[in-house]
Number of protein chains: 2
Amino acid sequence: MGSLFLTACGNLNSSSTSSTTTTTQSSSSGYQTTGQSSDSEYQSVIQNGSYLTSKARGVGITQNSENMLNLKAFESGLTTLSKTEFSPKDYIFREGQLLSKSTVQKWLSRKSSSNPTGLNPKDNGETDADKRNPIYVQQIEEQDYMKEENGKLVLAGITIGIGMNRKDYYQKEEYGATYTTTISKAKMIAEGKKAAAEVLKRVRKLKGASDIPIMICMFEQAPNDSLVGGTFYAYNVSKSSTLGTWKSTNLQSSVLPTTSESTAINDNDESSFTSFKNKIQNFFPNLAGVTATTKYKNKSLQELHVKITTQFYSETEIRSFTQYVAQAAKTYLPSGIPIDITIKGSDGDIQAFIARESDSSSYYTHVFDD
Amino acid sequence: MGSLFLTACGNLNSSSTSSTTTTTQSSSSGYQTTGQSSDSEYQSVIQNGSYLTSKARGVGITQNSENMLNLKAFESGLTTLSKTEFSPKDYIFREGQLLSKSTVQKWLSRKSSSNPTGLNPKDNGETDADKRNPIYVQQIEEQDYMKEENGKLVLAGITIGIGMNRKDYYQKEEYGATYTTTISKAKMIAEGKKAAAEVLKRVRKLKGASDIPIMICMFEQAPNDSLVGGTFYAYNVSKSSTLGTWKSTNLQSSVLPTTSESTAINDNDESSFTSFKNKIQNFFPNLAGVTATTKYKNKSLQELHVKITTQFYSETEIRSFTQYVAQAAKTYLPSGIPIDITIKGSDGDIQAFIARESDSSSYYTHVFDD
């Protein structure tokens, strides 16, 4: 599996980044990608005119069904971390092709006589929250990073994300009440390191993976009732048969406004958001709901995602509100970071969208007309 | 009502277009607007820190409750037509302040002894679709266009939209089956001209409206089951006590792909869309739904709004699909017009957004991360 032979097909001729190259193989071969919308985004592999989906497609949805925000945070965070090791300028993204759905499902289950590869501990028969063995490893995902060599795409790097539980939800009987085993941060980290070492050992044996960099990224799953998905806390780049040095990501996520149970990661950002919120919410006689999720690195704000919900009585109200929100965002929200604002009506349908890239001073606005 | 005295308040200092001016009034006064996101968009009036909502707020929702696409098409079309007479460079938008909710509701009802101002005909007692008097006038909306004079905002133009039925839905008994009276195009136009003349006469008597331009725009309501909202078919600019010359808008709307009941307005655009659709819908093993609404003027495409729905299994699939769709749009969709593409998951939540302004060659893409 050191190289891929994809049939050239379709013709996205306008794509400056896709390429179709005839190799020395007997059949015409080459590869096709989705094209690249910016230097900081990966182009992805297309095969026979269709997207090459993950061999473990769908496992993430099953494993995060109680809080889909975890899946979004996990996968987008995994791609972001991968960029530090596998630059989008040099690598092409491919959905994981080494680990199959059944392999990942077995790894995520408990170890047992019928499932020797389970990464989670054996069932010890206990049902008490503090006595039972919890499920530590909640999700695993593989991302492949490819390079072109002589007109062919070859696997040049792998990222594996491992999602670890701080809370393991379980039933004592089928369809019964849900109980929770809480896992300490230290225990989560320790179990994560064990799982990472085992996963690395197994992946190294797979075709094409014996001598390429493998990045393993550790994710703390958010609780089921969290309004923000989990966060990657550590990663490790292995260039041999063993793990490299563990590095902290220093990432944090939070929700604004803060609740009685949460404190702000940065007080200045919180007060900026509060000013913005106050400016917005009384625009109409009816109140607007204004919330945000944040992403921090080293306590410094990296991303801000604002959600506004209000009842609109006309299209002109939507247009006027969108302009007003864009102006208020310019005045009150922090500069130098990417910000997006979605405006929804009381029926939940998106009505307008406002965004600023990190390197821009102006906001892009769009009102959904139909 | 020739001038407005709004209290200056708040401070959207970053807004280059909002202004606060002290007038000679005893209290500090001036006006505030939402600011302007582009030269082609109106800024709107803010009063006491809140949006100055329409005096007839909510009537449009009631009158279009069976097909809200009509309301969106009506209001955004009304604003677009107004721009030809009241340029956003010179005028500031204000929600209608002359016609109250109860006034408009009376006008939209049938004429009767208790409702002498009703624009729709008396109930003739018939229930047969072809014998009864249908409701011709379905909705009326006022938009005000303001100018600054000596630091004050004065009413400088009015647009009135009148929505006319081609199909009037009615019940023979309360909660009974719904029947339909079909109104011919000629009859709709004739009734619309009568209603417009009457409305003009009434509006001319209102304070501040006696000697400013009044634009009256005639809208054909789409049927309740239409997948695209109605269209403005004619307009009239009055600068006196009577109507001016009627002008045709030459606007059309349609849905793509065409159905058994509809034909394409322009075959080339339809085949471009079909190529795009074919390229997209087999990207994943599961099929994607691809539809579009179009707006035409003089048979020439003005706007294209594409909607794509598919089931995603991961965030990376959303990112890859978005890039692919942007590339396919670049290759297949017509150039020189504004295009937007919304991508939704099978749960109906928006996942990504792609748009191109008319004067741009590149597409803006945004993936909703959380």
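Chains are numbered independently. Their residues run from 1 in the order of the written sequence. Chain letters start at A and ligand numbers start at 1, both assigned in the order the entries are written. Note on the predicted model: pLDDT of at least 70 is required for a residue's local features to be given, and 80 or more for side-chain atom pairs to be given and counted; whole-chain, interface and lining totals, by contrast, use all residues. To get the side-chain values, take all heavy atoms of the structure and skip hydrogens and water.

Caption draft 1: Representation of the sheet that holds strand β1 (residues 32-33) of chain B. Note on pairing: two strands pair once DSSP finds at least 2 bridges between them. Counting from the N terminus, the helices are the DSSP runs of H or I reaching at least four residues and the strands are the DSSP runs of E reaching at least two. Across the sheet, three strands lie side by side as β1-β2-β3 (chain B); this open sheet has antiparallel pairing. Of all strands in the sheet, those bounded by a partner on one side alone are β1 and β3 (50-51) of chain B.

Caption draft 2: Structural view of the packing of helix α2 (residues 68-85) of chain A against helix α6 (residues 315-332) of chain B. Two elements in contact, α2 of chain A and α6 of chain B, have axes separated by 8 Å at closest approach and are oriented at 60°. The orientation of α2 of chain A relative to α6 of chain B falls into the category oblique. Contacts between α2 of chain A and α6 of chain B pair K72, E75, S76 and T79 of chain A from the former with E315, T316, I318 and R319 of chain B from the latter. Each residue gets one label: Ala, Val, Leu, Ile, Met, Phe, Trp, Tyr, Cys and Pro are nonpolar, Asp, Glu, Lys and Arg are charged, and the others, such as Gly, are polar. In terms of residue class, the contact of α2 of chain A with α6 of chain B is built from one nonpolar, three polar and four charged. For helices, the fitted axis covers only the stretch in contact; all axes are lines through C-alpha atoms, and the angles between them, taken along N-to-C directions, range from 0 to 180 degrees. Angle categories are assigned with fixed cut-offs, so that under 35 degrees is roughly parallel, over 145 is roughly antiparallel, 65 to 115 is roughly perpendicular, and the rest are oblique. Contacts are assigned to residue pairs that have any heavy atoms within 4.5 Å of one another.

Caption draft 3: Looking closely at the interface of chain A and chain B. With 73 residues of chain A at the contact, the number on the chain B side is 73 residues. Put simply, buried area is how much 1.4 Å-probe accessible surface two parts lose in total, over both of them, once they are put together. Across the chain A/chain B interface, buried area totals approximately 6000 Å², and carbon plus sulfur atoms make up 50% of it. Only one rule defines a salt bridge in this text: a Lys or Arg side-chain nitrogen within 4 Å of an Asp or Glu carboxyl oxygen. In this assembly, chain A and chain B are joined by six salt bridges. Among the salt bridges present, the one from E317 of chain B reaches R57 of chain A, with a minimum N-O distance of 2.7 Å. Polar contact is defined as a pair of N or O atoms within 3.5 Å, subject to the rule that within protein one atom must be able to donate a hydrogen and the other to accept it, and that residues adjacent in sequence are counted only when both atoms are side-chain atoms. Counting the contacts that link chain A with chain B gives 29 residue pairs in polar contact (both at pLDDT 80 or more). Classifying every residue of the side of chain A that touches chain B gives 22 nonpolar, 33 polar and 18 charged.

Caption draft 4: Here's a closer look at the sheet that holds strand β6 (residues 152-164) of chain B. Taken in spatial order, the six strands of this open sheet run β4-β5-β6-β9-β10-β11 (chain B), and their pairing is mixed. Among the strands making up the open sheet, the edge pair consists of β4 (92-95) and β11 (246-248) of chain B. Ignoring strand direction, the axes of neighbouring strands in this sheet form an average angle of 25°. As defined by bridge partners, strand β5 (residues 137-149) of chain B adjoins β6 of chain B across 12 bridges and the pair is classed as antiparallel. Pairing of E148 of chain B across the sheet is with L153 of chain B, part of β6 of chain B. Against the sheet, helix α6 (residues 315-332) of chain A engages β4 and β5 of chain B, with an angle of about 130° to β4 of chain B. Against the sheet, helix α2 (residues 68-85) of chain B touches β5, β6, β9 (214-220) and β10 (231-238) of chain B, its axis set at about 35° to β5 of chain B.

Caption draft 5: Structural context of α2 of chain A. One fewer than the residue count of a helix, multiplied by 1.5 Å, yields its expected span. Look at α2 of chain A: 27 Å from first C-alpha to last across 18 residues, which is about the 26 Å you get at 1.5 Å a residue. Categorising residues by exposure relies on relative accessible area from a 1.4 Å probe, with only protein chains included: less than 20% of the type maximum marks a residue as buried, more than 50% marks it as exposed, and the intermediate range marks it as partly exposed. Where α2 of chain A is concerned, the buried positions are N70, L71, K72, A73, F74, E75, S76, G77, L78, T79, L81 and S82 of chain A.

Caption draft 6: Here's a closer look at the relation of the copies chain A and chain B. Residues below a pLDDT of 70 in either copy are left out; the C-alpha atoms of the rest, at least 70 in both, set the least-squares superposition of the copies. With an axial shift of 0.0 Å and an RMSD of 0.0 Å, the rotation relating chain A to chain B amounts to 180°. Within this description, the copies of the chain are treated as partners about a two-fold rotation axis. Here 100% of the interface residues in chain A have copies in chain B that are interface residues too; the copies meet face to matching face.

Caption draft 7: Region of interest: the side chain of T322 of chain B. Take T322 of chain B: it is sitting in helix α6. Discounting residues that sit within four places of it in the chain, T322 of chain B has contacts with I343, A352, I354, T365 and V367 of chain B.

Caption draft 8: Representation of the domain arrangement of chain A within the structure. Residues and elements named next belong to chain A. Marked domain ranges trace back to an automatic or database domain assignment. Split into domains, chain A comes out as domain 1 (52-249) and domain 2 (254-367). Taken as a group, L227, V228 and T249 account for 78% of the area that domain 1 buries against domain 2, more than any other trio of residues on that side. At the junction of domain 1 and domain 2, the tally comes to zero salt bridges. Counting across the interface, domain 1 meets domain 2 through zero residue pairs in polar contact (both at pLDDT 80 or more). Classifying every residue of the side of domain 1 that touches domain 2 gives two nonpolar, two polar and no charged.

Caption draft 9: Quick peek at the pairing of strand β14 (residues 300-309) of chain A. Residues and elements named next belong to chain A. Of the strand pairs in this sheet, strand β13 (residues 289-297) and β14 are connected by nine bridges, and their pairing is antiparallel. Residue pairing across strands places K295 opposite E303, the latter belonging to β14. Hairpin remark: β13 followed by β14, antiparallel, with two residues in the connecting loop; positive phi at N298, about 50°. Whether a crossover is right-handed comes down to one check: with the strands pointing away from the viewer, does the path from the first strand over the helix to the second run clockwise; if it does, it is right-handed. Where the polypeptide runs from β14 across α6 and back to strand β15 (residues 339-344), its parallel neighbour, the crossover connection is right-handed.

Caption draft 10: Summary view of the nonpolar core. All names here are of chain A. Counting residues in each nonpolar core, the largest one holds 50 residues, and the members touching the most others are F276, I308, F321 and I341. Here this core gets seven residues from one element, more than from any other, and that element is α6. Among all residues touching I341, those that are not within four sequence positions of it are F276, V306, I308, V325, A329, L333, A352, F353 and I354. Each nonpolar core is a collection of buried residues, namely Ala, Val, Leu, Ile, Met, Phe, Trp, Tyr and Cys, held together in the definition by side-chain atoms within 4.5 Å.

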